[in-house]
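Spelled out, the chains give:
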Amino acid sequence: MEMKTLAQERSKAEFDVEAMKVVWAGGEASLRLNQRMAELVANDPEFQKDSRVMQTRSELLKDTFRKAAHAWELINKLHFTEEEARCLRKHIDQPSYADLHWGVFIPAIKGQATDAQQKKWLPLAYSQAIIGCYAQTELGHGSNVQRLETTATFEPSTDGFIVNTPTIAATKWWPGGLGKVSTHAIVHARLLTNGKDYGIHAFIVQIRSLEDHQPLPGITVADIGTKFGSRAYNSVDNGLLRFNNVHIPRENMLMRLATVTKEGKYVHSNVPTQLAYGAMVNVRKSIVMDASYSLARAVTIAVRYSAVRRQFGVQDGQPEMQSRLFPLLATAYAYRFLGQWMSSLYSDTMACFENNDFSTLPEVHACTAGLKSIATSTTADGIEECRKLCGGHGYLTSSGLPDLFAVYVPSCTYEGDNVILLLQVARYLMKTLKFLGSGKEPSGTAAYLSNVTELVSKNCEVAKESDWISPKTLRYAFEARSARLALKCATQIAAASTQDEGFSEASCELLGASRAHCELIIVTRFMGALEREIPGRGVKNQLQILCNIYALSLVTTRAGDFLMTGYLSPEQVELAKSQLRDLFKKVRHNAVSLVDAFDYTDFYLGSSLGRYDGNVYESLYNEALKDPTNASAVTEGYTEFIRPILKQQLGTSMSRL
Ligand SMILES: CCCCCCCCCCCCCCCC(=O)SCCNC(=O)CCNC(=O)[C@H](O)C(C)(C)COP(=O)(O)OP(=O)(O)OC[C@H]1O[C@@H](n2cnc3c(N)ncnc32)[C@H](O)[C@@H]1OP(=O)(O)O
């Protein structure tokens, strides 16, 4: 029954699913690569995931190390490119130290080491003759990088630095890959030379022996313990690290931004100091690029299950698909296009850096910080919403949703707490407004602010429902909301006694303005992606529907912003709502095919509810029976703890109370 339902839903699709798969994957080659890796992982017994359910933390870690080693063997044997290797790791679907080695350690060396240093360290890192992590965060300071306490004091007599952990709060805490695996760490420490503190700089420190993996003298290193969820990020060895006056050679300071000479003189290079934060820009970019995958995974499960469940019986032959799903489906698509754009923005910026042009750094920082914040918060909430949309069954591990949530949710706090990051966007917006008219015109994603005078004075002209589905109308509405909120904050800050005080007092409003700015970017990137030719029957049309759903669901959920800034009237919000209802009707019978286009295999999804064939109930039933507690009909502990109660043989009985 259930299986027939999904097939029926698929037959209603008004677009070419295969062509949509290509769009989602970002091209034919990416699609094939994904499919190749998905198949390779699913067919390799070494990558099976079933046993994870009952593993202890130590077993899970060992299982992860085994998989990472097996993956590395394959990567070498099959001569995989970096892209192929990254895709393979994604499909293994078990976070590991390798993500940090390849995703953070190596990019940080590339971004912050001089050419000579890169020549030394990169071959070692690429061959995994050393394994590295990024040790920035401390027990007492994560968000405030400038307040980190670890010190690196230059010692001219040994031509090196003495790295030290002065307090308990200065213990490095959280770095993934540090606890059990890394041999080297990029350590962020205060550079002290000639009695002066030059602030936070990066150093490569060897922490474990390359012979027997023992911590080197003066190093204390360990895992920080079990984290949220039963598996999730517990497969990563997040660690703690302390230094007791550890000596490192002077050349181990990453010297692209600044050097210390043999004599202990501190010399700035010609690159901006903000580039010290470059590794974070890179990781945030990757996080934005990945958000759509996790949301799409949850949405696939919820849509397929909604299509097969028949709780209240069939109504008009329609599945019980709740409208709440459609904005989430649209958001997954929106984030995919956002990710594709983010990737090209980042590549363009890197190309500029190669030519010593750092002018785009502030914008790329604001974009990566703000979009990381919005995309991860929305995705984490979206996964939880999908769980609820699956009713009680979503709470079962076999639904795949609890684990997906547990592994995703730390992204709201790692790589920059989401609130702190939005405040960085706010700084950028306030600065942009401040310099308006000074000849420094805003560009890129902030270009609309040069039109602020009109945006704050001209109200929306929507008069009927269908007026809402014009890209121009939608774009202008989001620009007006963002510009009005930002200007209000700027006015509030200008009235305060000091700028810092004003900024702090307006923090709540600033968060709203930053959110509005980021959502404008997402809406316009989605629209921008649809300006080109998109091949495939009905594909563009479906994407246009999704784009309108994404934008209009934001107009209605953020109606407060639009109404309070005076841009929209309550009637116009009502028109948006009814237009949205029409769009939901259009997407409903395409929803199953739209999630099929994400092209997730059953192996990767790992969900009884999200199975491609819709055989949900049998799968849930079989998964329950596989649980080790069901190995025998009479449970362990019966004789000691249950039988004595039933037989009235326990020392205390109700009659004696
Ligand atoms: C298949 C698998 C693939 C996997 C592939 C990916 C890996 C997937 C695994 C991920 C796993 C997670 C990995 C987690 C790893 C951690 O969690 S690492 C630790 C993360 N920690 C953080 O993010 C710390 C957050 N804090 C900060 O970034 C800074 O402290 C703050 C909040 C920006 C404040 O900085 P500040 O210097 O004290 O103050 P502020 O005046 O705001 O900034 C100074 C200037 O720098 C600028 N600035 C600040 N930040 C930046 C920046 N990043 N860039 C450029 N400029 C910046 C500001 O705009 C400002 O500029 P001006 O206005 O002066 O021109």
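Since the model is a prediction, treat every value here as computed from it, not as a measurement.

Observations concerning the overall build of the protein
Scanning the protein from N- to C-terminus turns up 23 helices and eleven strands. A globule of 657 residues ought to have a C-alpha radius of gyration of about 26 Å, and the protein, at 27 Å, matches this closely. Expressed as lengths along the three principal axes of its C-alpha atoms, the size of the protein is roughly 85 × 80 × 65 Å. Considering the protein as a whole, with its 657 residues, one finds that 53% of them fall into the buried category. If you take every contact in the protein between residues at least 6 apart in sequence, the share linking residues at least 24 apart comes to 75%. When the accessible area of the protein is evaluated, it comes to approximately 29,500 Å², of which 55% is carbon and sulfur surface. Once the 70 positive and 69 negative side-chain charges of the protein are each reduced to a mean point, those two points are 1 Å apart.

Some words on the UniProt feature "domain: Acyl-CoA oxidase C-terminal" (unreviewed entry) in the protein
Per the UniProt record, the feature "domain: Acyl-CoA oxidase C-terminal" (unreviewed entry) sits at residues 471-647. Its end C-alpha atoms 73 Å apart, residues 471-647 is made of 73% helix and 0% strand.

Re the UniProt feature "domain: Acyl-coenzyme A oxidase N-terminal" (unreviewed entry) in the protein
Per the UniProt record, the feature "domain: Acyl-coenzyme A oxidase N-terminal" (unreviewed entry) sits at residues 16-131. With 72% helix and 0% strand, residues 16-131 has its two end C-alpha atoms placed 44 Å apart.

Observations regarding unusual backbone geometry
Even without being a glycine, Q128 presents a positive backbone phi close to 60°. Owing to a relative accessible area of 16%, Q128 belongs among the buried residues under this scheme. One non-glycine residue with positive phi stands out, namely Q648, at about 60°. Here Q648 shows up in the segment after α23 (638-646).

A word on the packing of helix α6 (residues 97-112) against helix α8 (residues 278-308)
Packed helices, taken two at a time, are described by the angle their axes make and the gap between the axes. Contact pair α6 / α8: the axes reach a minimum separation of 9 Å and the direction vectors enclose 135°. Here α6 lies oblique to α8, going by the angle between them. The handedness of the crossing between α6 and α8 is right-handed. Judged by residue contacts, G103, V104, P107, A108 and Q112 of α6 engage G278, A279, N282 and V283 from α8. Residues that form the contact of α6 with α8 fall into these classes: five nonpolar, four polar and no charged.

Points about the site of the ligand
Around the ligand there are 26 residues in total, and S143, Y277, R284, Q424 and K431 lie nearest to it. Contact between the ligand and H365: a nitrogen atom at 3.3 Å from a side-chain N or O atom of the residue. Taking K431, its side chain carries an N or O atom lying 2.8 Å from an oxygen atom of the ligand. Out of a free accessible area of 1,300 Å², the ligand has 80% covered by protein chains. Mapped onto the shell around the ligand, the elements with two or more residues apiece are α8, α10 (361-389) and α12 (418-434). For the shell around the ligand, the class distribution of residues is ten nonpolar, eleven polar and five charged.

A word on the packing of aromatic side chains
Counted under the stated rule, the structure contains 19 aromatic pairs. Ring centres 5.2 Å apart and planes at 75° place the aromatic pair W24 and Y333 in the edge-to-face group. You can see W24 sitting in helix α2 (residues 17-25) and its partner Y333 sitting in helix α9 (residues 325-354), a full 309 residues away along the chain. Comparing W24 with Y333, the two get one shared label, buried. Where F598 meets Y600, the ring centres are 6.4 Å apart and the plane angle is 55°; that geometry is what we call tilted. Each member of the pair, F598 together with Y600, is buried. An aromatic cluster of three or more residues is present, and its members are W24, Y293, Y333, F598, Y600 and Y604. For the cation-ring pair, K440 lies above F435, with the distance from its terminal atom to the ring centre recorded as 4.4 Å. Just above the ring of Y476 sits the side chain of K458; from NZ or CZ to the centre is 5.1 Å.

Notes on the sheet that holds strand β4 (residues 172-173)
If you trace the three strands from one edge of the open sheet to the other, you get β4-β8-β7, paired in antiparallel fashion. Each edge of the open sheet is held by one strand with a lone partner, namely β4 and β7 (219-223). As defined by bridge partners, β4 adjoins strand β8 (residues 239-243) across two bridges and the pair is classed as antiparallel. Looking across to β8, one finds that W173 is bridged to L240.

Considering a positive patch on the surface
Taken together, R427, K431, K434 and K440 make up a surface patch of like positive charges. By secondary structure assignment, the location of K431 is in helix α12.

A short note on the environment of V425
By secondary structure assignment, the location of V425 is in helix α12. In this structure, the C-alpha to C-alpha distance between V425 and H517, residues 92 residues apart in sequence, is 8.4 Å. Not counting residues within four places of it along the chain, the set of residues in contact with V425 comprises A366, G370, S514, H517 and C518.

A few points about the nonpolar core
Judged by nonpolar contacts, the single largest core of 133 residues is most densely connected at L329, Y333, Y335, L371, W468 and L543. Residue contributions to this core peak at 16 residues, all from α9. Setting aside anything within four residues of it in sequence, one finds W468 in contact with C460, V462, T473, L474, A477, L552, V555, L568, Q572, L575, A576 and Q579. I106, A108, A125 and A202 belong to the second-largest nonpolar core, a separate cluster that totals 28 residues.

A word on the pairing of strand β6 (residues 196-206)
Summarising the sheet, strand β5 (residues 184-193) and β6 pair through nine bridges and their orientation is antiparallel. Residue T193 lies in a different strand from β6, and its bridge partner there is K196. Taken together, β5 and the strand that follows it, β6, pair antiparallel across an intervening segment of two residues, in which N194 is found at a positive phi of about 50°.

Cut-offs used in this document
- All residue numbers here refer to positions counted from 1 along the written sequence of the relevant chain.
- Side-chain atom pairs in this predicted model are given and counted only at pLDDT of 80 or more, local residue features only at pLDDT of at least 70, and totals for whole chains, interfaces and linings cover all residues.
- Calculation of side-chain values draws on the structure's entire complement of heavy atoms; hydrogens and water are dropped beforehand.
- Helix and strand assignments come from DSSP, with helices taken as H or I runs of at least 4 residues and strands as E runs of at least 2, each series counted from the N terminus.
- Atoms counted for the radius of gyration: C-alpha only. Globule rule: 2.2 Å times the number of residues to the power 0.38.
- Summary of the burial criterion: residues with accessible area below 20% of their type's maximum are buried, those above 50% are exposed, and those between are partly exposed, where the area comes from a 1.4 Å probe applied to protein chains only.
- By the convention used here, residues are in contact when the closest approach between their heavy atoms is within 4.5 Å.
- Accessible areas in this description were obtained via Shrake-Rupley with a 1.4 Å probe; residue shielding takes into account the shown protein chains only.
- In this charge count, Lys and Arg are treated as positive and Asp and Glu as negative; neither His nor the chain ends contribute.
- Every charge is mapped onto a representative atom, which is NZ of Lys, CZ of Arg, CG of Asp or CD of Glu.
- UniProt positions are given in the numbering used here, feature names are shortened, and annotations may be inferred rather than shown by experiment.
- Comment: axis = line fitted to C-alpha atoms, over the contacting stretch for helices; angle = value between 0 and 180 degrees taken between N-to-C directions.
- Each angle gets one of four labels, with under 35 degrees taken as roughly parallel, over 145 as roughly antiparallel, 65 to 115 as roughly perpendicular, and the rest as oblique.
- Should the near helix be turned anticlockwise from the far one by less than a right angle, the crossing is termed left-handed; should it be turned clockwise, right-handed.
- Under the grouping applied here, Gly and all other residues not named as nonpolar or charged are polar, the nonpolar ones being Ala, Val, Leu, Ile, Met, Phe, Trp, Tyr, Cys and Pro and the charged ones Asp, Glu, Lys and Arg.
- What makes a residue near a molecule or strand is one non-hydrogen atom of that residue sitting within 4 Å of it.
- Definition of a polar contact: a pair of N or O atoms within 3.5 Å, with one able to donate and the other able to accept a hydrogen when the atoms are protein atoms, and with sequence-neighbouring residues admitted only if both atoms are side-chain atoms.
- Whether two aromatic rings pair depends on their centres lying within 6.5 Å, for rings of Phe, Tyr and Trp, where Trp uses its six-membered ring; planes under 30 degrees apart make the pair stacked, over 60 edge-to-face, and the rest tilted.
- Charge-over-ring placement is defined geometrically: NZ (Lys) or CZ (Arg) within 6 Å of the ring centre, and within 35 degrees of the ring normal.
- For two strands to pair, DSSP has to find at least two bridges joining them.
- The residues that make up patches have over 30% relative accessible area and no salt bridge, and they are joined within 9 Å when like-charged or within 5 Å when they are Val, Leu, Ile, Met, Phe, Trp or Tyr.
- Salt bridges are defined by distance alone: a side-chain nitrogen of Lys or Arg within 4 Å of a carboxyl oxygen of Asp or Glu.
- Here the nonpolar core consists of buried residues drawn from Ala, Val, Leu, Ile, Met, Phe, Trp, Tyr and Cys, with membership extended through side-chain atoms lying within 4.5 Å.

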